[in-house]
Amino acid sequence: MTKTATTQALPSTPEVLIVGAGPTGLTLATQLARTGVSFRLIEATPGPQYGSRGKGIQPRTLEIFDDLGVGERIIANGRMAMPIISTAPDGQVTVGGAVPDALKNRPDIPYTTSLITPEWRVEEALRLRLAELGGTVEFGTALADFQQSIQRVTATVSHGDTTETISARWLVGADGGHSIVRKRSGIAFEGETREEVRMLVADVAVDGLDRDAWYMWRHAEGAVSLAPLPSTDVFQLQASIATRQNPELSLPNMQAILEQRSGRSDIRLHEPEWSTLWRANIRLVERYRDGRVFLAGDAAHIHSPAGGQGMNTGIQDAYNLGWKLAAVADGASEQLLDSYEAERRPVAASVLELSNARLKQAIDDKGMSPRRDASTIQLGVGYRGSVLARDDRDETASLRAGDRAPDATGLATADGERRLFDLTRGAGFTLLAFGTAPAVASSALGVRTVRVVAQSEGAAAGGAVDVVDSSGQLAAAYGATDGTLVLIRPDGYIGLISDAGDASSVSDYLAAV
Ligand SMILES: Cc1cc2nc3c(=O)[nH]c(=O)nc-3n(C[C@H](O)[C@H](O)[C@H](O)COP(=O)(O)OP(=O)(O)OC[C@H]3O[C@@H](n4cnc5c(N)ncnc54)[C@H](O)[C@@H]3O)c2cc1C
């Protein structure tokens, strides 16, 4: 099919125009595609890009990928808990990367460690999923300009020599750090550029090193590391650059840096397939929204890769915004969209703080910051205090509305044993009704009720999905007693908890959404 034919088949008045098909834009498009919201996803480059860039997928993002139906594909192209072998200047070797003890054997956490895989593999998996759902990426199509009225955003996009006008209800700028959407919206990108903090990054084939671990060498001149990229034949080389002079992105220079800092002349690099010079830009937008225009991903926040957070945070922006756009397109109040910035900007601010701390540590240690622990795996990201978080619990409760909805295993259902995330996958809102909790009137949002009982003889009849929680794992994870109601949002966060079993509080919540 020619590009013109493809373009003609696409709506000129979609609900959403997404600019940029990196991980953020692709996640948003996938989510909209599965909820049946019309959208266009435009991408300026002529085709997919194959540089590795972000290579760490955090456990929280893996949960999102599982929900979107891309988890297995992404995991098949990656490696969990890759050992990290770090050599200090005095030759001392430490090994990291293992699953922390506190996260082992946890039924509430399906993924306990980050996955290493190149960013382009993530994009590829999302594109395939998008295609399965009937969506497409319009490569070679760039946003040139846009204006908005109270009702719509009118955008001019260019494909080669031709231009097209698209009128969308909302426009989402997922167009990366140089975002034209952010600039045209006049939204300040506050922060700093640190020219003295730079890193040479390249995808290279390597002889003389096994592919079982990520190797790092610390040195007075800065660190160098080689991480094998699963599902490829190459390693990602990273070398911090302390001088203000631009280093050559050439093979001889990379080889020289590696030999000087590792003391190993037996490791031979081949001509890089891709390389870049990363500069420390640490910035956060003053606001995520201008009327009908939203920013997500690197367009809204950029920071150091230390801690492996950037791509993950963008994907989670999209996941937060996607269900809200779908709900409003389906008749929910436009006010729901205000919660996007309120929930996501504080998360980005704390990610910046974390990655700055990791960057400082890396500079001080003349090393890199591969440490992955509770602060980097993003399972603690939550929205307590949000307008979308309501409960009747007190401050001492360990699980509150706004927290990530925990998983649970060993649930007996009519279809066999399941984990909770099997039941919530792709389901919109899910209401867990424990024991004798009252029925809740169905709402326009299509809430799925899961009635949870401890023993099979207590299972309720009727249309609800019945789950027997004989080990009590589900009740324990939610601190639930007989009668507790828990409403889980489409993005896997707890919207409401009523230990009092107040069905009207659930109806009120859904009516407000
Ligand atoms: C060396 C390095 C290592 C990293 N390591 C990690 C890591 O381990 N973990 C992690 O989470 N993150 C990491 N990151 C960060 C990660 O790469 C980014 O956060 C991520 O790419 C952001 O995704 P995005 O979709 O928001 O933006 P991008 O991936 O930048 O995508 C934006 C897209 O918009 C397109 N576009 C721009 N303008 C227009 C226009 N006018 N019209 C149409 N399309 C347009 C661009 O072509 C681009 O494809 C790393 C980054 C680097 C450089």
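Everything that follows concerns the structure shown earlier in this document.
Keep in mind that what you see is a predicted model, and the values were worked out from it rather than measured.

Section: the side chain of Asp-175
Residue position: Asp-175 is located in the loop between β12 (170–173) and α6 (180–184). This buried residue, Asp-175, is left without a salt bridge; Arg-182 holds the nearest opposite charge, at 6.6 Å. Polar contacts involving the side chain of Asp-175 include one to the main-chain amide nitrogen of Ile-180, which spans 3.0 Å. In this structure Asp-175 touches Val-19, Gly-20, Ile-180, Val-181 and Ala-299, once residues within four positions along its chain are discounted.

Brief notes about the packing of helix α2 (residues 23–35) against helix α8 (residues 310–329)
Between α2 and α8, the shortest axis-to-axis distance is 8 Å and the interhelical angle comes to 30°. Comparing the axis directions of α2 and α8 gives the class roughly parallel. Crossing angle aside, the handedness with which α2 passes α8 is right-handed. Contacts from Pro-23, Thr-24, Thr-27, Leu-28, Gln-31, Leu-32, Arg-34 and Thr-35 in α2 reach Met-311, Gly-314, Ile-315, Ala-318, Tyr-319, Leu-321, Gly-322, Trp-323, Leu-325 and Ala-326 in α8. Split into classes, the residues belonging to the contact of α2 with α8 amount to 11 nonpolar, 6 polar and 1 charged.

Overview of unusual backbone geometry
A positive phi angle, near 50°, is found at Ala-81, a position not held by glycine. Relative to the assigned elements, Ala-81 resides in the loop between β4 (79–80) and β5 (84–87). Judged by relative accessible area, which is 24%, Ala-81 ranks as partly exposed. One non-glycine residue with positive phi stands out, namely Asn-105, at about 50°.

So, the pairing of strand β17 (residues 235–241)
With 6 of 7 residues buried, β17 is to be regarded as a mostly interior element. Relative to β17, strand β13 (residues 189–204) is paired through 7 bridges, and the arrangement is antiparallel. Paired with Asp-203 across the bridge in β17 is Gln-236. Alignment of strand β16 (residues 224–228) against β17, held across 5 bridges, turns out to be antiparallel. Its bridge partner lying in β17, Leu-226 is registered against Leu-237. Hairpin connection of β16 to β17: 6 residues between the antiparallel strands, including Ser-231 at a positive phi of 70°.

Conventions adopted
Residues numbered from 1 in each chain as written. Predicted model: local features only at pLDDT ≥ 70, side-chain atom pairs only at ≥ 80, totals over all residues. Heavy atoms only, no water. Helix = DSSP H or I, 4+ residues; strand = E, 2+ residues; numbered from the N terminus. Buried < 20%, exposed > 50% of the residue type's maximum accessible area, 1.4 Å probe, protein only. Lys, Arg positive; Asp, Glu negative; His and termini not counted. Salt bridge = Lys/Arg side-chain N within 4 Å of Asp/Glu carboxyl O. Polar contact = N/O pair within 3.5 Å; in protein donor to acceptor, adjacent residues only side chain to side chain. Contact = heavy atoms within 4.5 Å. Axes fitted to C-alpha atoms, helices over the stretch in contact; angles between N-to-C directions. Parallel < 35°, antiparallel > 145°, perpendicular 65-115°, else oblique. Left-handed = near helix turned anticlockwise from the far one by under 90°. Nonpolar A, V, L, I, M, F, W, Y, C, P; charged D, E, K, R; others polar. Pairing = 2+ DSSP bridges.

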